[in-house]
Amino acid sequence: MHRRLIVPSALAASLVLAIPASAADFEPGAPGIGDPYYPASGNGGYDVSHYDLRLTYQPTTDLLKGTATILATTKQNLSRFNLDFGLKVNEVRVNGKKAAFSKEGESELVITPAAPLEKDSHVSVVVRYAGKPSELSIGGYTAWHRAPDGGVAAQEPDSAVWWFPSNDHPLDKATYDVSVSVPDGTQAISNGVLQSQSSKLGWTRYNWRSNKPQASYLATLAVGKFDITTDKTADGLPILNAYSKDLGDNAGAARASVERTGEVAEWLTGVFGPYLFNALGGYVPNVKSGYALETQTRPFYSPRQFANGANASVVVHELAHQWYGDSVSVDGWKDIWVNEGFARYSQWLWSEKEGEGTAQQLADWVYAQHPADDAFWTVRPGDPGADKQFDIAVYDRGALALQALRSEVGDKDFFAILKGWPAEHAYGNAKVGDFVKFAEKISGKPLAGFFDTWLYQPSKPGAPAAAGARIARADVKPTRPASWRKIAATNSVHDHDHH
């Protein structure tokens, strides 16, 4: 006798949902996040929410040992996935179970979990590793700086692959706990707030927390012997600055500049709106590089930035990035103008505030310094190309575009735009096109053609456009503003060595 089974519709639906996906439904995550400038950067298939890094570093040998715990959510059914990392890996666990892993290329760690991961799953990944970051060459260079008493991770567009596994692209931001054990008498500096420190058997452990979303290239680590100063803002925000004890002749100028961090940040809140992170500060290690970097809450400054004396302008530049670049990060690296054009323009506004030349005078000077046949004008700040991403035109022509916008929409709308943009996209990512739309919304003006002239055309904006921006007026002969020397001295801020 054959009986027909009648299943209620609701129960039938639940039975269908209970059937596990077949192996064919699971695919590998992409080895890149999709950035045309850097196709190998980042990875697809998941989104990281938190990194917990527990590290031990020996300055004398440059040996770094680490256990990284990564919390993520899958965005697809994953059979395997990648992390960006270069050091030797000893073990990987996914959701507590040992996972197979292999290395592809110079910095792709390919992980195959014991069981495939379903979409929208919460996943923990533990990676144990060890190596000497200064001996790791990726793309022909290392982003790890050796100092006489330690090592430093600070580089753009990437530095994480030298010291922790990550989804290494600004599109995947996360919070961080960084715990570092170093020999007694040595300090470990990182982002955010120092939660605690303790010593045992000749080693001191420093525990740092960065509690707001942070791009992987903005995570930093500096190990060495530092003089540390601490303070608080009027609002109670902790300020921590650190200076290598062997900065030599640059020591005084470095301190005279970086100790103005609280003052500069206070001024910037009036321009860009509330500061959105849990700490302030900066550090100057004894390294040979010449650039500075907006590492979140605690910018990195090379000693050479202060070789010609104190320069608050570089502090203004890096702190401006806390709004433009750190809180609001690029959607793709072609959107670099939304970082660098604004950080350079903040230097122009600081000059205006200090009475050393208005932003208009600086714009006139920049426009006059570059004739129409200068290669400067062939760089398009709105999409400069990977090889020109940190070209001086992205900075100076980028700031020139902002002064032109100020003339186009008037001060009231212009400063509403500068303050509204970080609030609109706080802790997120955005494109140049998003800024154009935002400026149009605030000003009520169509601005696509305007931005095309100033950001995208590979030629010098001609007389009509310049006249509309009140730049290079016939009745005014540009003279070099007093601030120009100090601003120009920060041009190396974009020379990230390997570019």
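About the thresholds
- Residues numbered from 1 in each chain as written.
- Predicted model: local features only at pLDDT ≥ 70, side-chain atom pairs only at ≥ 80, totals over all residues.
- Heavy atoms only, no water.
- Helix = DSSP H or I, 4+ residues; strand = E, 2+ residues; numbered from the N terminus.
- Buried < 20%, exposed > 50% of the residue type's maximum accessible area, 1.4 Å probe, protein only.
- Areas by Shrake-Rupley, 256 points an atom, 1.4 Å probe, with all protein chains shown as cover.
- Lys, Arg positive; Asp, Glu negative; His and termini not counted.
- Charge placed at Lys NZ, Arg CZ, Asp CG, Glu CD.
- Contact = heavy atoms within 4.5 Å.
- Phe/Tyr/Trp six-rings, centres within 6.5 Å; stacked < 30°, edge-to-face > 60°.
- Lys NZ or Arg CZ within 6 Å of the ring centre and 35° of its normal.
- Pairing = 2+ DSSP bridges.
- Axes fitted to C-alpha atoms, helices over the stretch in contact; angles between N-to-C directions.
- Parallel < 35°, antiparallel > 145°, perpendicular 65-115°, else oblique.
- Left-handed = near helix turned anticlockwise from the far one by under 90°.
- Nonpolar A, V, L, I, M, F, W, Y, C, P; charged D, E, K, R; others polar.
- Core = buried A, V, L, I, M, F, W, Y, C linked by side-chain atoms within 4.5 Å.
- Expected span 1.5 Å × (residues − 1).
- pLDDT = per-residue confidence, 0-100.
- Salt bridge = Lys/Arg side-chain N within 4 Å of Asp/Glu carboxyl O.

The next subject is the overall build of the protein chain. Across its full length, the protein chain carries twelve helices and 23 strands. Looking at the protein chain as a whole, 55% of its 499 residues are labelled buried. Total accessible area computed for the protein chain in this model is approximately 20,200 Å², and 52% of it derives from carbon and sulfur atoms. The positive charge centre, built from 48 side chains, and the negative charge centre, built from 55, are 5 Å apart in the protein chain.

Here we come to the environment of Ser346. By secondary structure assignment, the location of Ser346 is in helix α5 (residues 337-354). Setting aside its immediate chain neighbours within four residues, Ser346 contacts Trp267, Leu268, Phe272, Val316, His317 and Ala320.

We now examine the packing of aromatic side chains. Under the counting rule described, the total for this entry stands at 34 aromatic pairs. When the centroid spacing of 6.2 Å and the interplanar angle of 65 degrees are considered together, the rings of Trp337 and Phe451 count as edge-to-face. Taken together, the residues Trp337 in helix α5 and Phe451 in helix α10 (residues 448-456) connect sequence positions 114 residues apart. Residue Trp337 is classed as buried on the basis of its relative accessible area, which comes to 0%. The ring of Tyr367 carries Lys460 above its face, with NZ or CZ at 4.2 Å from the centroid.

Right, let's get into the side chain of Ser244. The residue Ser244 is located in strand β18 (residues 238-244) in this model. Among the residues examined, Ser244 registers a relative accessible area of 5% and is labelled buried. The residues contacting Ser244, other than those within four sequence positions of it, are Lys225, Phe226, Val284, Pro285 and Asn286.

With that settled, the discussion passes to the sheet that holds strand β8 (residues 108-112). Strands in a sheet are paired, the pairing made by backbone hydrogen bonds, and the direction either parallel or antiparallel. Taken together, the four strands give an open sheet; going across it, the order is β1-β4-β8-β7, and neighbouring strands pair in mixed fashion. The sheet is open, and its two borders are formed by β1 (27-28) and β7 (100-104), each paired with just one other strand. Strand direction decides the pairing type here: β7 and β8, joined by five bridges, are antiparallel. Paired with Ala100 across the strands is Thr112, a residue of β8.

This part takes up the packing of α5 against helix α7 (residues 392-409). At their nearest, the axes of α5 and α7 sit 8 Å apart, and the two run at 65 degrees to each other. Relative to α7, α5 is oriented roughly perpendicular. At the point where α5 passes α7, the crossing takes the right-handed sense. Where α5 approaches α7, its residues Trp337, Glu340, Gly341, Phe342, Arg344, Tyr345, Trp348, Leu349 and Glu352 are matched on the opposing element by Ile392, Val394, Tyr395, Asp396, Gly398, Ala399, Leu400, Leu402, Gln403 and Arg406. A class-by-class count of the residues in the contact of α5 with α7 yields eleven nonpolar, three polar and five charged.

For Ser79, the location among the structural elements is in strand β4 (residues 78-84). For Ser79, a relative accessible area of 24% translates into the label partly exposed. Distance from Ser79 to Pro28, taken between C-alpha atoms, is 5.1 Å for residues 51 residues apart in sequence. Those residues in contact with Ser79, other than ones at most four positions away along the chain, are Phe26, Glu27, Pro28, Thr112, Pro113 and Pro116.

It is worth spelling out the sheet that holds strand β13 (residues 187-190) at this point. One open sheet holds the four strands; their spatial order is β10-β11-β16-β13, and the pairing between them is antiparallel. At either margin of the open sheet sits one strand with a lone partner, and together these are β10 (144-147) and β13. Between one strand axis and the next, the sheet turns by 20 degrees as a mean value, whatever way the strands run.

Ranked by internal contacts, the top residues of the largest apolar core, which has 147 residues, are Tyr129, Trp163, Trp348 and Phe451. The residues touching Trp348, leaving out its near neighbours within four places in the chain, are Gly357, Ala359, Leu362, Ala363, Val366, Asp396, Ala399, Leu400, Gln403 and Ile487.

Further remarks concern helix α8 (residues 411-424). The end-to-end C-alpha distance of α8, which contains 14 residues, comes to 19 Å, matching closely the 20 Å that a straight helix rising 1.5 Å per residue would cover. Listed as buried for α8 are Phe414, Ile417, Leu418, Trp421 and Pro422. The inward-facing, buried residues of α8 contact α3 (261-272), α5, α7, β23 (429-430) and α9 (432-443).

Here we come to the confidence of the model for the protein chain. Scored by pLDDT, the protein chain comes out at a mean of 93, with 94% of its residues at no less than 70. Within the model, pLDDT remains below 50 along residues 1-19, and this stretch shows two contacts once partners closer than five positions in the same chain are excluded.

All right, on to the pattern of salt bridges then. Enumeration according to the criterion identifies 14 salt bridges in this entry. One salt bridge connects Arg209 with Asp177, and the closest N-O pair in it is separated by 2.7 Å. Of this pair, Arg209 sits in strand β15 (residues 203-214) while Asp177 sits in strand β12 (residues 174-183), and the two are 32 residues apart along the sequence. Accessibility expressed as a relative area gives 37% for Arg209, which makes it partly exposed. When its relative accessible area of 14% is taken as the criterion, Asp177 is described as buried. Each of Glu91, Arg93, Lys98 and Arg128 takes part in salt bridges that share partners, so that together they form one network.

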